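Coordinates in review
Spelled out from the first residue to the last, the chains are:
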Amino acid sequence: MINNDVLRSLRYMLDISDEQLAEIVELGGYAVSEEQIAAALKKDDEPGFQPCSDELLAHALDGLVYFKRGKDDSRPAPALELPVSNNQVLKKLRVAFELKEDDIHAIMHSVDFVVSKPEMSALFRKAGTSNYRPCGDQFLRNFLKGLTQRLRG
């Protein structure tokens, strides 16, 4: 999925301003201006559009985890995994919102996207291990839609 779409979805899901989104990115350890966030949130055909880098999205997701769950200073920050894959986005959102397997299954069911529990657990496995499955754009898009409905409900 395109990084800009993920960033737009996060902003809409949390119902926050560009300034608040910039603060969340900074929690993840990346200095960003409100103007940079605004440019990344624009549609592709709007003037001033800037593509969202993998680094910006990775820090935004880390910042979201810290924003929702708090930062533990006794533990080192996780290393950035670049480029950001759909599986990583899914994992970070699961951690940030403290979602269990049943929660994710319910979210996907709420948007009429049928997925079995073994298929779902394959998305959270480490790349390269047996039964690992890459997360498709359609799955992530539906997950973001369902999570948004759940949070904004």
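Our subject in this report is the structure included herewith. What you see is a predicted model, and the numbers here were worked out from it, not measured in a lab.

1. Thoughts on the overall build of the chain
- The number of helices and strands found in the chain is eight helices and zero strands.
- In terms of overall dimensions, the chain is globule-like: its C-alpha atoms have a radius of gyration of 15 Å, near the 15 Å expected for 153 residues.
- Taken along its principal axes, the extent of the C-alpha atoms in the chain is 40 × 40 × 30 Å.
- Counting over 153 residues, the chain shows a buried share of 41%.
- Long-range contacts, defined as pairs at least 24 residues apart, comprise 69% of the intrachain contacts of the chain with a sequence gap of at least 6.
- Within the structure as shown, the chain displays about 8,700 Å² of accessible surface, and the carbon and sulfur contribution to it stands at 48%.
- Across the chain, the 20 positively charged side chains and the 24 negatively charged ones have centroids separated by 7 Å.

2. Side note on helix H5 (residues 86-96)
- Listing the buried residues of H5 in full gives Asn86, Asn87, Gln88, Val89, Leu90, Leu93 and Ala96.
- Next to the buried residues of H5 lie helix H1 (3-14), helix H4 (54-69), helix H7 (117-123) and helix H8 (137-152).
- In the segment just after H5, Glu98 is the residue with positive phi, at about 50°.

3. Describing the packing of H5 against H8
- At a minimum axis separation of 10 Å, H5 and H8 run at an interaxial angle of 25°. The angle between H5 and H8 falls in the class roughly parallel. Where H5 crosses over H8, the two elements pack in a sense that is left-handed. In this structure, H5 uses Asn86, Val89, Leu90 and Leu93 to contact H8, whose residues at the interface are Asp137, Phe139, Leu140, Phe143 and Leu144.
- Taken together, the residues that form the contact of H5 with H8 break down as seven nonpolar, one polar and one charged.

4. Some points on a negative patch on the surface
- Taken together, the side chains of Glu19, Glu23, Glu26, Glu34 and Glu35 make up a negatively charged region of the molecular surface.
- Elements represented by at least two residues in the negative patch include exactly helix H2 (18-27) and helix H3 (34-41).
- Take the negative patch: its biggest share by element is three residues, from H2.
- By the secondary structure assignment, Glu34 is in helix H3.

How each quantity is defined
Residues numbered from 1 in each chain as written. Predicted model: local features only at pLDDT ≥ 70, side-chain atom pairs only at ≥ 80, totals over all residues. Heavy atoms only, no water. Helix = DSSP H or I, 4+ residues; strand = E, 2+ residues; numbered from the N terminus. Rg over C-alpha atoms; globule rule 2.2 N^0.38 Å. Buried < 20%, exposed > 50% of the residue type's maximum accessible area, 1.4 Å probe, protein only. Contact = heavy atoms within 4.5 Å. Areas by Shrake-Rupley, 256 points an atom, 1.4 Å probe, with all protein chains shown as cover. Lys, Arg positive; Asp, Glu negative; His and termini not counted. Charge placed at Lys NZ, Arg CZ, Asp CG, Glu CD. Axes fitted to C-alpha atoms, helices over the stretch in contact; angles between N-to-C directions. Parallel < 35°, antiparallel > 145°, perpendicular 65-115°, else oblique. Left-handed = near helix turned anticlockwise from the far one by under 90°. Nonpolar A, V, L, I, M, F, W, Y, C, P; charged D, E, K, R; others polar. Patch = residues over 30% accessible without salt bridge, like charges linked within 9 Å, V, L, I, M, F, W, Y side chains within 5 Å. Salt bridge = Lys/Arg side-chain N within 4 Å of Asp/Glu carboxyl O.

So yeah, pure geometry; function would need other evidence.
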